[in-house]
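Here is how the chains run, residue by residue.
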Amino acid sequence: MDIPVFTYSSLPSTNDTALELYEQGQTPPFIVLAVRQTRGRGRGAHTWFSPEGGLWFSVALGPVPAEHLSGLGLWTAYVTVKTLRGLTDLPILLKLPNDIVLYGKKLGGILIEIRRNCAIAGIGLNTNVSTFPAPLSETAISLLQVLGNRITHESIYPGIAMRLWEFVHSPPSHQTWLPNVNAWLFGKGQRVAVTCSNRRVQGVLKGVTPDFHMVLTGTEGEQALSLAFLRDFEIVNGE
Ligand code: BTN
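Cut-off values and rules
Residues numbered from 1 in each chain as written. Predicted model: local features only at pLDDT ≥ 70, side-chain atom pairs only at ≥ 80, totals over all residues. Heavy atoms only, no water. Pairing = 2+ DSSP bridges. Helix = DSSP H or I, 4+ residues; strand = E, 2+ residues; numbered from the N terminus. Axes fitted to C-alpha atoms, helices over the stretch in contact; angles between N-to-C directions. Salt bridge = Lys/Arg side-chain N within 4 Å of Asp/Glu carboxyl O. Buried < 20%, exposed > 50% of the residue type's maximum accessible area, 1.4 Å probe, protein only. Near = heavy atom within 4 Å. Polar contact = N/O pair within 3.5 Å; in protein donor to acceptor, adjacent residues only side chain to side chain. Areas by Shrake-Rupley, 256 points an atom, 1.4 Å probe, with all protein chains shown as cover. Nonpolar A, V, L, I, M, F, W, Y, C, P; charged D, E, K, R; others polar.

Caption draft 1: Molecular detail of the sheet that holds strand β12 (residues 230–235). Reading across the sheet, the 5 strands line up as β11-β10-β9-β8-β12 and stay open at both edges, with antiparallel pairing between neighbours. The open sheet is flanked by β11 (221–226) and β12, the only strands paired with a single partner. Each neighbouring strand pair of the sheet contributes to a mean axis angle of 45 degrees, computed without reference to strand direction. Note: strand β8 (residues 191–196) against strand β9 (residues 199–208), 6 bridges, orientation antiparallel. Its bridge partner being in β9, V194 is matched across the sheet by V201.

The structure is reproduced here in structure tokens:
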């Protein structure tokens, strides 16, 4: 099965157009892809720098059973990291809750939204972006900057979209993928500080559990924090 793709040269945000097409009667799954976004959105109140060269797309998944929703963000990050590692051999890591990082800099991000009962997974990857404006240049990285050559977007997004569609209807057992999530976890074994449900917590990152919590150990023992409420993840080694 091929998932239909709607491609645009420019959009405000692929997530918004995916919702509009859904409301107009387009049946999920489908992909919305834009060569550039003029009002790309990140998590929280962040904007998302989306020039020509990057891969900006959204997968409309329709209504998702509640019991499959909690893992969707982590699964999206996992399949994205797996796809990019398979194509590049680079040490790409998953930064909780669902960022994609390379050499400590942001390579991509994921914005999952449930709007009008339709789950939309928005994925932004700095693939063939040649430069970033300051101050973004200090925290962002692209595959082009590291590899020196352009990567084909068709080798990335159709496979990811298909794996998201499979997940929302029959998620694979966590034993088949959580070990890889834990192997590719940014900051694992290091002291991290996170904000979770408006609480600032510090501890050593142990890993992710099958019920999608991150485990930190610290002076108060072991704490499991829900990935759904996680914000502001940072490494605080040396403090
Ligand atoms: C983040 O890390 O804050 C999430 C970034 C998500 C960006 C993607 S690009 C495609 C889709 N459309 C958007 O407006 N945002 C997401």
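Caption draft 2: Fine view of the pattern of salt bridges. Taken as a whole and assessed by the stated rule, the structure comprises 10 salt bridges. The shortest N-O distance in the salt bridge between R36 and E52 comes to 3.0 Å. Of this pair, R36 sits in strand β2 (residues 30–37) while E52 is found in the loop between β2 and β3 (55–62), placing the two residues 16 residues apart along the sequence. Among the residues examined, R36 registers a relative accessible area of 31% and is labelled partly exposed. For E52, a relative accessible area of 54% puts it in the exposed group. A salt bridge links E113 to R115, with the shortest nitrogen-to-oxygen separation between them at 3.3 Å. Residue classification places E113 among the buried residues on the basis of a relative accessible area of 15%. Under the relative-accessibility criterion, R115 is labelled partly exposed at 25%.

Caption draft 3: Spotlight on the site of the ligand. Surveying the vicinity of the ligand reveals 19 residues, the closest of which are S13, Q37, R41, R43 and K106. Separating an oxygen atom of the ligand from a backbone N or O atom of R43 is a distance of 2.7 Å. K106 places a polar side-chain atom, nitrogen or oxygen, 2.7 Å from an oxygen atom of the ligand. Burial of the ligand by the protein amounts to 98% of the accessible area it has alone, namely 420 Å². Going through the elements one at a time, α1 (14–23), β3, β6 (105–115) and β7 (118–125) are the ones with two or more residues in the shell around the ligand. Per element, the largest residue contribution to the shell around the ligand is 4 residues, and it comes from β6. In terms of residue class, the shell around the ligand is made up of 5 nonpolar, 10 polar and 4 charged.

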